[in-house]
Amino acid sequence: EHPGSATEDDITTAFRRLQDCASADDIQIDLDVPRTISRHIMFRRRYRGGQRLLLRGMASLAATLLCYFDEEKCFVMLVRMWQLRGLERLYQPGFDGLMAALREFETTWLHKDVAHKMTDLCIDSTAYGTRWYLTLFNLSIPFAAQLRVWDVFLLLGDAAEGELPDDKTRKQSDSPSMPPINENPAAPAALTTVPTKSTTKPKTPSSGLDVLHATSAALIQALREVLLDSDFENAMKALTAWIPIKDEDLLMKVTRAEWKTQLRKRS
């Protein structure tokens, strides 16, 4: 179990109790279902198993987990992600934690040439980073690439607490049309276990969101040439559009390189 947090049984009991509570957002959630990872076979039709768990504003997170877990386990995973992976800070009222995370990314992780270009175009990181961070890149990159990022994020949480896995170590071949985990055992490694709190103290200061920062930096690097040659309108189109990642291994290599670069700066 996790020191200072509820047990899995307690969380499951709370889930069953909350199932009987009405929500003011039920209608909005019903409208959101068809546009939640609509490319995935489980979300092409309404009212498929597990869709009742979707939460307004957090639908992308719940939907991804529902592809692999039943509703109770999914609820436990969401609670653990909130408590142990920094999402509570991102979603806190007023989004102060999100704004702080985006400021950290903009001032610390962005390469200078791109940062200067963004400043010249008056493009703030909130314009594109809000969706990236709140959905953990859902709807921004292909589902299979998103799973690679989630695999590292759920496994490590704060990258300062451990080495990012080697590019081949976390390789997995799931596609957006993959059936639920109980029908196909080849699920991402980290999605088969509940996140655990590391007992290793970070050696360097960080916000606890280094995996998200490193992934965002990798995506910006992929768009670098386009951004440096764009006006405001085209830059915004590139940053807010769906990014077609063709080589997931390369994405993870660049993500790992960005993380290691940041680690060297801190040491």
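See the structure above.
Residues numbered from 1 in each chain as written. Predicted model: local features only at pLDDT ≥ 70, side-chain atom pairs only at ≥ 80, totals over all residues. Heavy atoms only, no water.

Let's talk about the nonpolar core
One broad rule of soluble globular proteins: the nonpolar side chains tend to lie buried together. Counting residues in each nonpolar core, the largest one holds 61 residues, and the members touching the most others are Leu90, Tyr128, Ile220 and Leu227. A total of nine residues in this core trace back to one element, the largest contributor, which is helix 9 (residues 143-156). Taken domain by domain, the makeup of this core includes at least three residues from each of domain 1 (1-85) and domain 2 (86-158 + 205-266). (Core = buried A, V, L, I, M, F, W, Y, C linked by side-chain atoms within 4.5 Å. Buried < 20%, exposed > 50% of the residue type's maximum accessible area, 1.4 Å probe, protein only. Helix = DSSP H or I, 4+ residues; strand = E, 2+ residues; numbered from the N terminus. Domains from an automatic or database assignment.)

Brief notes about unusual backbone geometry
The phi torsion at Phe137 lies on the positive side, around 75 degrees, for a residue other than glycine. Structurally, Phe137 can be placed in the loop between helix 8 (126-135) and helix 9. Judged by relative accessible area, which is 0%, Phe137 ranks as buried.

Here's the deal with the packing of aromatic side chains
Under the defined criterion, the tally for this structure stands at five aromatic pairs. Here Phe15 and Phe75 contribute two aromatic rings whose centre-to-centre distance is 5.2 Å and whose plane-to-plane angle is 40 degrees, an arrangement assigned as tilted. On the criterion of sequence distance, the pair formed by Phe15 in helix 1 (residues 8-18) and Phe75 in helix 4 (residues 71-84) is long-range, its members being 60 residues apart. Ring centres 5.2 Å apart and planes at 65 degrees place the aromatic pair Tyr128 and Trp132 in the edge-to-face group. Taken together, the residues Tyr128 and Trp132, both in helix 8 and four residues apart, mark about one turn of the helix. Like Trp132, Tyr128 is buried. Through a chain of ring-to-ring contacts, the aromatic side chains of Tyr128, Trp132 and Phe137 assemble into a single cluster. (Phe/Tyr/Trp six-rings, centres within 6.5 Å; stacked < 30°, edge-to-face > 60°.)

Considerations on the packing of helix 9 against helix 13 (residues 248-266)
Interhelical geometry of helix 9 versus helix 13 gives an angle of 35 degrees and a closest axis separation of 10 Å. At the point where helix 9 passes helix 13, the crossing takes the right-handed sense. Contacts between helix 9 and helix 13 involve Ala144, Ala145, Arg148, Val149 and Val152 from the former and Glu248, Asp249, Leu251 and Met252 from the latter. Within the contact of helix 9 with helix 13, the residues separate by chemical class into six nonpolar, no polar and three charged. (Axes fitted to C-alpha atoms, helices over the stretch in contact; angles between N-to-C directions. Left-handed = near helix turned anticlockwise from the far one by under 90°. Contact = heavy atoms within 4.5 Å. Nonpolar A, V, L, I, M, F, W, Y, C, P; charged D, E, K, R; others polar.)

Some thoughts on the side chain of Arg148
Counting through the fold element by element, Arg148 comes out in helix 9. Side chain to side chain, Arg148 and Asp249 meet in a polar contact 3.1 Å long. (Polar contact = N/O pair within 3.5 Å; in protein donor to acceptor, adjacent residues only side chain to side chain.)

Considerations on the environment of Ala62
Its place among the elements puts Ala62 in helix 3 (residues 59-66). Residue classification places Ala62 among the buried positions, given a relative accessible area of 0%.

A short note on helix 6 (residues 96-109)
End to end, helix 6 covers 19 Å across 14 residues, agreeing with the expected 20 Å (1.5 Å per residue, within 8%). Of the residues making up helix 6, those classed as buried are Gly97, Leu98, Ala101, Leu102, Glu104, Phe105 and Trp109. Buried residues along helix 6 cover an arc of 155 degrees about the axis, so they all sit on one side. Facing away from the buried surface of helix 6 by more than 90 degrees, the exposed residues are Asp96, Arg103 and Thr107. Structurally, helix 6 contributes buried residues whose contacts are with helix 5 (87-90), helix 8, helix 10 (210-222) and helix 13. (Expected span 1.5 Å × (residues − 1). Arc of directions from axis to C-beta.)

Considerations on the environment of Ser5
The topology assignment puts Ser5 in the segment before helix 1. What Ser5 contacts, discounting residues up to four positions off in sequence, is Arg80 and Gln83.

A closer look at helix 4
Taking 1.5 Å of rise per residue, the 14 residues of helix 4 would be expected to cover 20 Å, and the 20 Å separating its terminal C-alpha atoms lies within 8% of that figure. Within helix 4, 10 of the 14 residues are buried, leaving the element largely enclosed by the surrounding structure. Residues of helix 4 that are buried include every one of Glu71, Cys74, Phe75, Val76, Met77, Leu78, Arg80, Met81, Trp82 and Leu84, and no others. Looking at the packing, one finds that the buried side of helix 4 touches helix 1, helix 3, helix 5 and helix 9. A side-chain oxygen of the first residue of helix 4 lies 3.3 Å from the backbone nitrogen of Glu72; this N-cap is Asp70.

Without other data, these values stay purely geometric and don't point to any function.
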